[in-house]
Each structure stands twice: as C-alpha cells, then as structure tokens.
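Overview (structure and organization)
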Amino acid sequence: MNDFDVESEVRSYCRSWPVVFDTARGARLTDVDGRSYLDFFAGAGALNYGHNPPALKEPLLEYLGRDGITHGLDMYTVAKGEFLRTFEELVLRPRGLNYKVQFPGPTGANTVESALKLARKIAGRESIINFTHAFHGMTLGALSVTGNSMKRGGAGIPLVHATPMPFDNYFDGTVPDFLWLDRLLGDSGSGLNEPAGVIVETVQGEGGINPARIEWLQGLADLCRRHHILLIVDDVQMGVGRTGPFFSFEIAGIEPDIVCLSKSISGYGLPMALTLIKPEYDQWGPGEHNGTFRGNNPAFVTATAALREYWSDDALERSTLAKGERVEAALSELADSSQAVELTPKGRGLARGLSFSHPEMAAKTCAAAFERGLLMETAGPSDEVMKIMPPLTISDAELEEGLAVVGDAVRTVTEGVLA
Ligand SMILES: *Cc1c(COP(=O)(O)O)cnc(C)c1O
C-alpha cells in the first residue's frame, strides 16, 4: 500500500477496510483484485441511490460533455435554476412546505454552521440547545452541539454556547418528556442561558441509530413554539428518504424553522448541501455566509435528475419502508436467538442498527462481515452498534444476501460467549 503512506494518520475507514477500491455500481463495490463487496454502508448515507445510478450518470455526462458550468459560486446558472424549480415542484409543494433555499458550502458541517449562525442572528441570543449523543459535524460550531467526547476533544479549545438536554428515552422511559428542559425554561432562577434555537436529529445516526418517537418530536416542536425558540432539524443523514419519506420529520407532521440537508441530496456522492429556511427567518445579508464551492453545478444536475427519477411518486418511500421492515425482522430474529449476548435492534426505515451488550462485538461483527465481502460500520458512543444502511435502491435479492452475511457474522462473534 505504498501509495498511501503519505496520507495522514487521521484516515479511518480505510483502516477497517484495508483494500483498494476501484469501481462501484448500485450496491456493490469492486477492489483492484476484482473482489466484490456488498454495500451496507452507502457512503455513510451519501449514496441513498447506490453507486453511479444510470439515471443520474447520463445527465451528468451530457452536462460535462457540453461544457456546462462546473464552478459557479452563487451565480445564476441553468443547472441551479432547474434544481430549484424541481425541488420546489417535487419536494416542497407536494408536502405543503414553504422554505427559502440557501446553498451553504457543500458539506453537512457547512449547513449546520449556517443554521446555527442564522438562529443566533434572528434571536439575538448565543445559546443553542442540543441533545445527548447528537452528531452534527466536525467544525467548531457543529462540534459544540455534538456529544461524542473523542470528537469534541479534537477541537483543542473550549466548545461553548451549547447546552445538552436528554434525547428521547435517555432515562429509559422513566421520566416524562422534556420535564427538565421545560422546567428550566420556565424558571427565571434556573440559570439556563436563554436559547436561540434547538438542533435535533429525528434519528441519531452516528449516535447509535436512536429514533425519537413521533410524540417526542411533536412535543419538542410544541415546546419550541411556546418558548419562542427556533427549531432546527439536522436531516443531513436521515433526510432524502433514508427513513422512508423525503424528510425524516414528515411522520411527525412538524415544520421545523430551519432544515439542514446534505449527504444524499446530490444523489451521486457529489458534495452539495442545502439550508432550508422559513421565509420570515431568511434574514441573511448578501454574502453574510459565504463559500467558494456553494455552486457545485454538476451536483445540481445529478440532484435534479435524482428528484425526477425517485421523487415523482411514492414508490421509493414505500419500498424503503418495506425493506426496513425486512431488516428489522432479520435483526429481531438474531436478537431472539442470541443466548449470552444481549442484542437490541433499533432504527427506522432503512437506517437500522443492532446494539451489543458487549460493545466491542459490534466492530468484531463488522470485521467478520468484511471478511465475507460486506461493508458495514459501527455507531454509538462506545461503537456498540452495528449500523445497517444499504442503498435504498438495493434489490431484494441483494438485501437477503447481505442479511445472510450479517447473520453469519453475528453468530460467529456472539456464539461461544458464556453468560
Ligand atoms: C454526516 C453528518 C453531518 C456532517 O456532514 P459532513 O458532510 O461530514 O460535514 C452533520 N449532521 C449529521 C446528522 C450527519 O450525519
């Protein structure tokens, strides 16, 4: 692997999967030795439609072939115009949602930073409420609202102006929702800095595939309304159909003030991000949140093609929910038959996880799966959750093939453990 010696120690995924990948199509990658791998990882949620989907690749190649604008800052371009019109027609209008669309820099952390800045500007306050086990990105603002102590430690300076509150079920269902937060907000002697906004994931991805219940999300939206706090939903990983509907918050019938989207919005793994803002809160001055790569036009082309291909009807949403139930059933079966090791299935849609009572076994299971030709990563504060996130477009046959590998890997690692 001499080519890679010069790469920084910060690299991580390649340590779990020490092969050189070359090509990929749909739910499969191929390495330089011609070995094929089934993908239960999907670019950490950036490849919801799989690798190199033909319905996106063709328009992209056509666009590049005719010298379409590649880099456009925030200039008006045909590709951006078509994306905005299509997003409005196929995503916002059918859902009765009214948002202005901001293009921040093209990553999840960028949209989160823009959302935090905007909330603070609108409210004229500094503090943000975040939740236990949250993940919002690796830049300083995004890290300040992230839970993981290892990642926070990388900041090297104090991470301030954020106050963590218990996410849904933090006390194992024994404490009424929002008891602590509601009490603090209503008590002028509580010492809580009055927050500008709340930032939340509907299903925590990196935090261990923890879904918030619908009632909890509705309760949070209601609390934000009562206390005049802006509600930011970070849908970077769970949006674009990962849990079934386009936006993960749709099932709760809530309308966040600000929504963060990135990972799968371009649909092709090309960098792109959006910050959706309720019109009355679009209080930016021109250039107040800037960035050189906000106009990644090839990403606009594939994003438009993806919306037309997958979001003109509800076929993808329905198949995602059905596949999610199939994964859930397979994980429940594994959990029921496990003897000494307690396995807990969790998740929503095609964001699924299996939590291990012996945390180190999750990574061992992922390693065993890799030996059998399947990519899967871990999540959770102790990496105790095996995370199953195939492309939404995976075929039923490939899903079964992958689940068989997962079952085999789980049994290999857990059997033989004495209670
Ligand atoms: C991945 C992720 C981010 C950060 O996105 P980057 O593109 O890595 O900066 C933010 N929020 C959530 C929920 C994520 O899953």
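Residues numbered from 1 in each chain as written. Predicted model: local features only at pLDDT ≥ 70, side-chain atom pairs only at ≥ 80, totals over all residues. Heavy atoms only, no water.

**Describing the packing of aromatic side chains**
For the structure on display, the rule yields 19 aromatic pairs. Summarising the aromatic geometry, the rings of Tyr-13 and Trp-17 are spaced 5.8 Å apart at their centres and angled 20° between planes, so their arrangement reads as stacked. Given a relative accessible area of 36%, Tyr-13 falls into the partly exposed group. The buried category is assigned to Trp-17, whose relative accessible area is 7%. Three or more aromatic residues joined by ring pairs form one cluster here, namely Phe-83, Phe-87, Phe-103, Phe-246, Phe-247, Phe-249, Phe-300 and Trp-311. (Phe/Tyr/Trp six-rings, centres within 6.5 Å; stacked < 30°, edge-to-face > 60°. Buried < 20%, exposed > 50% of the residue type's maximum accessible area, 1.4 Å probe, protein only.)

**What to know about helix 5 (residues 108-123)**
Over its 16 residues, helix 5 extends 23 Å from the first C-alpha to the last, a length consistent with the 22 Å expected when each residue adds 1.5 Å. Along helix 5, the residues that are buried comprise Gly-108, Ala-109, Thr-111, Val-112, Glu-113, Ser-114, Ala-115, Leu-116, Leu-118 and Ala-119. (Helix = DSSP H or I, 4+ residues; strand = E, 2+ residues; numbered from the N terminus. Expected span 1.5 Å × (residues − 1).)

**Considering the sheet that holds strand 12 (residues 274-277)**
Hydrogen bonding along the main chain pairs the strands of a sheet, whether they run parallel or antiparallel. Strand order in the open sheet formed by 7 strands is 4-12-11-10-7-5-6, with mixed pairing between adjacent strands. One side of each edge strand has no neighbouring strand; the edge strands of this open sheet are strand 4 (100-102) and strand 6 (162-165). The mean inter-strand angle of the sheet, taken between neighbouring strand axes irrespective of direction, is 25°. Summarising the sheet, strand 11 (residues 258-261) and strand 12 pair through 4 bridges and their orientation is antiparallel. Note on strand 12: the bridge partner recorded for Ile-258 is Ile-277. Contacting strand 4, strand 5 (127-131), strand 7 (195-200), strand 10 (230-234), strand 11 and strand 12, helix 5 runs over the sheet at an angle of about 165° to strand 11. (Pairing = 2+ DSSP bridges. Axes fitted to C-alpha atoms, helices over the stretch in contact; angles between N-to-C directions. Contact = heavy atoms within 4.5 Å.)

**Re the packing of helix 3 (residues 54-65) against helix 10 (residues 297-310)**
Relative to each other, helix 3 and helix 10 sit at 145°, their axes nearing to 9 Å. For the pair helix 3 and helix 10, the crossing hand works out as right-handed. Seen from helix 3, the contacting residues are Ala-55, Leu-56, Pro-59, Leu-60, Tyr-63 and Leu-64; seen from helix 10, they are Asn-297, Pro-298, Val-301, Thr-302, Ala-305, Ala-306, Glu-309 and Tyr-310. In terms of residue class, the contact of helix 3 with helix 10 is built from 11 nonpolar, 2 polar and 1 charged. (Left-handed = near helix turned anticlockwise from the far one by under 90°. Nonpolar A, V, L, I, M, F, W, Y, C, P; charged D, E, K, R; others polar.)

**Quick notes on unusual backbone geometry**
Unusually for a residue other than glycine, Asp-172 sits at a positive phi of about 55°. Within the secondary structure layout, Asp-172 lies in the loop between strand 6 and helix 8 (179-186). Residue classification places Asp-172 among the exposed positions, given a relative accessible area of 66%. One non-glycine residue, Val-240, lies in positive phi territory at about 55°. Exposure remark for Val-240: the relative accessible area of 1% places this residue in the buried category.

**Points about the site of the ligand**
Inspection of the region around the ligand gives Thr-107, Gly-108, Ala-109, Phe-135, His-136, Gly-137, Glu-201, Asp-234, Val-236, Gln-237 and Lys-263 as its neighbouring residues. At 2.8 Å from an oxygen atom of the ligand is found a main-chain nitrogen or oxygen belonging to Gly-108. Contact with the protein chains removes 81% of the 380 Å² of surface that the ligand exposes when unbound. By residue class, the composition of the shell around the ligand is 3 nonpolar, 5 polar and 3 charged. (Near = heavy atom within 4 Å. Polar contact = N/O pair within 3.5 Å; in protein donor to acceptor, adjacent residues only side chain to side chain. Areas by Shrake-Rupley, 256 points an atom, 1.4 Å probe, with all protein chains shown as cover.)

**Here we look at the pattern of salt bridges**
Under the defined criterion, the tally for this structure stands at 22 salt bridges. Ionic pairing is found between Arg-213 and Glu-215, a salt bridge with its closest N-O pair at 3.4 Å. A residue is classified by how much of its surface remains accessible, and Arg-213, at 36% relative accessible area, is partly exposed. With a closest N to O distance of 2.6 Å, Arg-326 and Glu-400 form a salt bridge. On the criterion of sequence distance, the pair formed by Arg-326 in helix 11 (residues 315-337) and Glu-400 in helix 13 (residues 396-414) is long-range, its members being 74 residues apart. Judged by its relative accessible area of 31%, Arg-326 falls in the partly exposed class. With a relative accessible area of 34%, Glu-400 lands in the partly exposed category. (Salt bridge = Lys/Arg side-chain N within 4 Å of Asp/Glu carboxyl O.)

**Brief notes about helix 13**
Taking 1.5 Å per residue, 19 residues should reach 27 Å; helix 13 reaches 27 Å between its end C-alpha atoms and fits that length. All of the buried residues along helix 13 are Glu-398, Leu-399, Gly-402, Leu-403, Val-405, Val-406, Gly-407, Ala-409, Val-410, Val-413 and Thr-414.

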